[in-house]
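# Fold and contact review
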Amino acid sequence: MADATYPEELLYHPEHDWARIEGAQATFGITWYAQDSLGEVVFYDPPEVGAAVVKDSPYAEVESVKAVSDVIAPLAGEIVEVNEALAETPERINEDPYGEGWLVKVKLSDPAEAESLQSAGDYRKLLEGE
Amino acid sequence: MTLAETPMQRERAQTIFEKSKPGRRAAVLPPAGVPEPPLSELIPAKLLRDEPPRLPEVAEPEIVRHYNRLSRRNFDLDTGFYPLGSCTMKHNPRLNERVAALPGHARLHPAQEPRRAQGALELCWLLQESLAEICGLPHVSLQPSAGSHGELAGLLLTRAFHADRGEARTKVLAPDTSHGTNPASVTMAGYEIVKLATDERGGIEMDDLRAKVDDEVACLMLTNPNTLGLFDENIAEIAALIHDTGGTLYYDGANLNAVMGHSRPGDMGFDIVHVNLHKSFSQPHGGGGPGAGPIAVSERIEPYLPRPQVVRRADGNGSGSSFDLDFDRPKSIGRLRGFQGNFGVFVRSYAYILSLGADGLAEASETAVLNANYLKARLAQGRAGKYVPIAFDRHCMHEFVLSGKPMKRELGVATLDLAKRLLDFGFHPPTVYFPLLVEEALMVEPTETETKESLDAFAAAVEQILAEAESDPELAKQAPYTTPVRRLDEVKATRHPVLRQPL
Amino acid sequence: MSRYTSATPADRAEMLAAIGVESAAELFEQIPEPLQLGRPLALPAGISEAEVFERLAALAARNADAERQVCFLGAGMYDHYVPAIVDAITERSEFLTPYTPYQPEISQGGLQAMFEFQTAMSELTALPVSTAGLYEGPSSVASAAYLAIGATGGRRRLVVSRGVHPHSRETLATYSAGFGAEIAEVGLADGLTDAAALAAAVDGETAAVFLQSPNFLGAIEDVESLGEAAKRHGALLVAAVDPMTLGVLRPPGECGADVALGEGQPLGNRLDFGGPSFGFFCGSEELIRKLPGRIAGETDDADGRRGYVLALQTREQHIRREKATHNICTAQALNALAATIHLAWLGREGFRELGELLVRRTAYARERLAAVEGIEPLHGAPVAREFALRLEAPVGTVLERCAERGIAAGYPLGRDYPEHEDGLLVAITERRSREQIDALAEALEEAIRVERDDLLSDSDKKSSQAEAVGR
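Residues numbered from 1 in each chain as written. Chains lettered and ligands numbered in written order. Predicted model: local features only at pLDDT ≥ 70, side-chain atom pairs only at ≥ 80, totals over all residues.

### Focus on the pairing of strand E6 (residues 58-64) of chain A
All names here are of chain A. Rules: Any residue whose C-beta has 12 or fewer other C-beta atoms within 10 Å is treated as exposed, any with 20 or more as buried, and any in between as partly exposed, C-beta atoms being built from the backbone. Strands are runs of DSSP state E lasting at least two residues, helices are runs of H or I lasting at least four, and both sets are numbered from the N terminus onward. One bridge is not enough; two strands pair if DSSP finds at least two bridges between them.
Of all seven residues that make up E6, five are buried, and the element is covered over most of its length. The pairing of E6 with strand E7 (residues 68-72) spans five bridges and is classified as antiparallel. Directly across from Glu 61, in E7, lies its bridge partner Asp 70. The loop that links E6 with its antiparallel partner E7 comprises three residues.

This is the structure:
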């Protein structure tokens with residue numbers, strides 16, 4: 001498993017989710033800390049394309065052998081794409097949480113909400129407190 | 001550590017289906033003795049099966065050999081120490097099996113006329129009376145089939161109780177240390193679970209309770225002593241708080257083994273209690289059941305009890321009494337299952353209660369508490385005291401919880417690894433990772449039927465494993481080595497489920 | 001009196017010293033004084049093993065069990081012959097006394113037994129996935145409703161045939177008060193579910209349609225045709241079935257059922273006055289993550305040996321807690337093992353032969369009994385092992401007379417179906433020989449004749465009294 005990393009170009013939510021903003025769209029996933037706490041992911045139950053996501057609310061679940069975790073939406077919007085590959089290989093969430101382990105792509109309803117999220121540095125500080 | 005394979009490891013798993021060979025069989029059936037037309041003359045072809053199911057084709061000697069060999073791949077209570085916290089793995093008396101097998105009990109059809117099942121109904125009634133006395137609550141239903149079934153029953157009783165008062169409450173309170181069945185039952189009963197914090201003494205955090213008690217609260221679910229093995233000394237105040245706001249108080253009887261004959265949940269203020277007959281009352285666990293979860297309730301809950309109830313009626317001619325199934329219960333929540341419940345379990349539990357009697361039951365609880373405190377004291381010494389210290393340092397009741405946090409931090413060995421290494425020493429490990437409140441939890445319940453030597457041997461094994469871990473932590477992390485299989489890949493099992501034999 | 005404990009006074013002294021207390025009573029001081037019972041329990045003192053045995057035997061002697069009365073009672077539980085090897089294996093310590101397999105390395109016996117059970121039930125029902133079992137039949141029906149509500153995104157309507165076992169329907173109603181569901185019952189016509197009424201009852205709010213085959217009146221339902229209404233509206237089709245008939249009847253998996261479940265008692269389990277037995281619960285691939293209770297799965301160990309573990313545990317209460325698919329913890333593992341052994345003993349051919357024997361004896365019995373003066377079939381639908389009759393004499397009295405002759409003639413339908421006060425449900429197993437069936441016919445004939453003679457002589461008396469008065 002990769003070492004703990006928190007890429008600088010991403011924004012972070014205190015419930016251990018990240019967002020990569022690409023204009024009016026964003027990609028969401030879970031952070032290294034989240035996948036490490038969960039253990040080896042065995043199942044990802046994705047939402048439907050077209051479903052609405054509500055900021056700070058769960059939109060999907062990720063399962064390991066011993067636990068199930070809600071995945072929290074860092075920002076609000078509508079789901080435009082789901083990572084279908086995870087159905088076959090959910091372990092990508094562990095191996096590459098910021099790349100191949102992406103969960104959904106969302107059309108943002110209010111891109112300005114991104115300001116409420118944390119930088120990599122602030123998120124790391126949060127983790128040190130855990 | 002490399003060891004040669006044990007004989008049992010060398011014997012690879014093979015299901016009974018893989019031992020099948022066309023043409024082999026065990027059963028010889030009686031001749032029909034009646035005309036034998038083709039089935040299609042009796043039943044339309046559309047409703048008939050084309051090919052019989054692919055059950056194995058094996059002869060009797062092979063079946064017996066298969067299951068005998070399979071049984072030896074199990075560790076069991078008759079064979080060794082089984083200190084699973086919250087499970088009360090006490091000895092299962094064989095007398096109970098013998099009486100349960102009496103044809104008068106075993107071959108009695110549940111729909112037999114009550115008049116011709118008086119022995120069975122009287123046994124049910126006597127068991128009810130005994131449980132009522134033990135629990136301190138006057139009315140008992142034997143219907144629920146297990147503890148969690150009893151929990152669901154208790155919540156449905158609560159719902160009926162409130163509905164009868166024109167109220168529709170939405171929430172149920174339970175401590176964060178509660179057994180998983182509690183919140184699961186809450187959701188099944190249509191309520192929302194609200195968690196209560198635990199204080200530094202290991203009991204309910206009273207300020208948290210006071211903040212969360214309101215008139216939306218239907219019920220508070222507790223066990224006392226709790227899953228930390230500690231008696232909550234605030235129980236009287238807790239009961240008053242809930243009752244004052246109109247809620248019911250539910251007792252999860254999983255820990256009854258600590259208090260039989262010493263304290264009674266009814267006297268503590270509980271309205272509804274479930275009793276796990278497969279815990280305190282010696283019903284064998286069977287590898288995951290059967291059990292039974294009868295409920296005892298207070299006067300105000302009685303009207304809502306499931307239907308039917310086993311009752312005693314005075315005989316019209318005054319010559320005694322008879323026993324009956326009472327269906328005339330207008331406020332009943334209804335049935336929870338078919339017929340009367342797990343009667344075979346009632347026979348065994350009743351035999352146990354008869355055997356022990358008032359004195360024996362009180363002695364059982366006293367010895368359970370003594371054994372637990374003794375083992376706790378032994379494990380407070382040496383390396384155990386250092387690496388797996390007690391989570392709440394006070395006298396426990398029938399079980400106690402250790403934390404493997406120092407072991408993990410200093411030796412890199414997790415509670416799971418300690419548990420797996422215990423398997424090599426011939427012990428079933430304690431319950432691990434429960435309650436969630438304690439990090440790297442290890443919940444130990446020895447029960448009253450263990451000898452002092454058995455407890456000493458367990459403590460010695462823990463000591464030895466920790467000594468090993470100090471010099472070579474890998475040993476525990478790769479354990480077990482001597483069990484029929486070694487650590488199993490649970491990730492693979494869940495990622496690519498294979499849930500039946502492919503044929 | 002000490003029972004099963006070993007702590008001698010010397011042991012106690014050592015243990016108390018190690019704990020650092022003077023007496024065991026000190027350990028109970030954490031119980032506030034007002035809550036200490038302070039008196040012995042008001043129960044008799046313990047007694048010897050021999051005395052316990054005598055008491056239990058005395059109670060057993062007051063039951064009319066199937067050894068004392070030829071048992072034609074059914075209604076979901078049947079007096080089958082359980083082969084001797086079942087008890088011989090299930091009473092082994094290694095199967096009888098362990099707990100649920102939470103440490104799989106030392107529970108391969110129990111886990112593989114579950115896996116074999118799951119395979120057997122999957123074969124019987126022709127559905128790909130089976131769980132390790134629930135408590136029994138009727139509560140399994142309620143559990144299926146809970147599943148269906150979740151699986152259909154919260155639909156709350158349940159459509160249930162009146163042919164489903166009355167205990168199942170009642171249990172479903174009890175549970176529904178909790179998880180909040182509306183139950184619509186569909187009636188029977190000539191012993192079978194009214195297809196038109198069923199189709200009319202199912203709509204877009206229906207979570208599941210519940211059928212039973214053979215139904216409570218013994219009639220074999222056309223589950224496939226009836227189930228089409230469910231398919232049309234995206235509701236789950238739940239079929240409750242009698243496992244002993246699945247050697248010859250078309251299995252629910254081939255009839256479009258999404259869930260197949262039922263009372264498992266006929267397989268390897270005693271009557272035991274109604275329990276313990278087990279409920280089997282099988283489902284389609286799509287429902288895997290929603291199934292209730294334990295499921296064993298195959299995997300490998302660290303050295304590549306095949307082994308078994310509890311799979312998909314994140315569904316279960318000990319992990320998922322309030323979001324679990326079900327609250328079940330202790331189930332009926334030993335009873336499921338008994339079923340597996342029985343099925344292995346019957347084997348592929350034997351299981352089919354037994355089913356054929358049941359169908360033929362049942363056909364014979366129905367014909368023989370319906371030929372008795374004062375008896376006719378309640379319906380003419382095809383039956384497999386149980387059938388319903390209509391008696392022209394009060395059923396209760398007829399049953400009493402048969403009981404006096406050592407026969408439990410059947411289940412009075414009036415208990416649960418007010419529209420069939422005159423109905424009797426007769427069950428057949430391989431233990432009910434032709435001779436016993438013939439004896440039943442004679443007993444019923446006699447009982448009905450005596451009843452009618454009594455009635456006739458009563459009415460003779462009445463009319464002669466009336467004449468006397470009239471003069």
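Now that the structure is up, let's keep going.
### Looking at the sheet that holds strand E4 (residues 182-186) of chain C
Residues and elements named next belong to chain C. Note the cut-off: Residues are scored as being in contact if the C-beta atoms we place from backbone atoms lie within 7 Å. Here the axes come from fitting lines to C-alpha atoms, over the contacting stretch only for helices, and the angles between their N-to-C directions go from 0 to 180 degrees.
Spatially, the seven strands line up as an open sheet ordered E2-E10-E9-E8-E7-E3-E4, and their pairing is mixed. Each end of this open sheet is capped by a strand with a single partner; those strands are strand E2 (129-130) and E4. Two strands pair when backbone bridges link them, and strand E7 (residues 206-213) and strand E8 (residues 236-241) are joined in this way by six bridges, in the parallel orientation. Its bridge partner lying in E8, Phe 210 is registered against Val 238. Strands E7 and E8 of the sheet are contacted by helix H9 (residues 223-232), whose axis makes an angle of about 170 degrees with E7.

### Some remarks on the confidence of the model for chain C
Put simply, the rule is: The score called pLDDT rates the predictor's confidence residue by residue, from a low of 0 to a high of 100.
Looking at chain C as a whole, its pLDDT mean stands at 95, while 97% of the residues score no less than 70. Scored by ipTM, the complex comes to 0.97, with pTM at 0.94.

### Some remarks on the nonpolar core
So the rule is basically this: Each nonpolar core reported here comprises buried Ala, Val, Leu, Ile, Met, Phe, Trp, Tyr and Cys residues connected via C-beta atoms within 7 Å. For the domain bounds, the source is a domain assignment made automatically or taken from a database.
By size, the foremost hydrophobic cluster in this structure holds 319 residues, and its most contacted members are Ala 145, Ala 208, Val 209, Phe 210, Val 238, Ala 409 and Leu 444 of chain C. Sort the elements by how many residues they give to this core and helix H11 (residues 343-379) of chain B lands first, with 21 residues. Both domains that furnish three or more residues to this core are identified here as domain 1 (84-342) and domain 2 (348-459) of chain C. For Ala 208 of chain C, the contacting residues outside a window of four places in its chain are Ala 144, Ala 145, Ala 148, Leu 158, Ala 235, Leu 236 and Val 238 of chain C. Listed in part, the 32 residues of the second largest apolar core include Leu 11, Tyr 44, Val 71 and Leu 117 of chain A.

### Regarding the interface of chain B and chain C
Stated formally: In this classification, the charged set is Asp, Glu, Lys and Arg, the nonpolar set is Ala, Val, Leu, Ile, Met, Phe, Trp, Tyr, Cys and Pro, and all remaining amino acids, among them Gly, are polar.
Contacts between the two partners involve 176 residues from chain B, matched on the other side by 173 residues from chain C. Among the elements that make up the side of chain B that touches chain C, the one with the highest residue count is H11 of chain B (24 residues). A class-by-class count of the residues in the side of chain B that touches chain C yields 88 nonpolar, 52 polar and 36 charged.

### Some remarks on the packing of helix H5 (residues 118-135) of chain B against H11 of chain B
Two quantities define a packed helix pair, namely the angle between the axes and the distance from one axis to the other. All names here are of chain B. What counts is decided by this rule: Should an angle lie under 35 degrees it is considered roughly parallel, over 145 roughly antiparallel, and from 65 to 115 roughly perpendicular; all remaining angles are considered oblique. Handedness of each helix crossing follows the sense of rotation of the near helix against the far helix: counterclockwise by less than a right angle gives left-handed, clockwise gives right-handed.
Direction vectors running N to C along H5 and H11 enclose 45 degrees, while the axes themselves pass 10 Å from each other. Put simply, H5 runs oblique to H11. Remark: the crossing between H5 and H11 carries left-handed chirality. Where H5 abuts H11, its residues Ala 120, Leu 123, Cys 124, Leu 126, Leu 127, Ser 130 and Ile 134 lie against Phe 343, Phe 346, Val 347, Ser 349, Tyr 350, Ile 353 and Leu 361. Of the residues assigned to the contact of H5 with H11, the class counts are twelve nonpolar, two polar and no charged.

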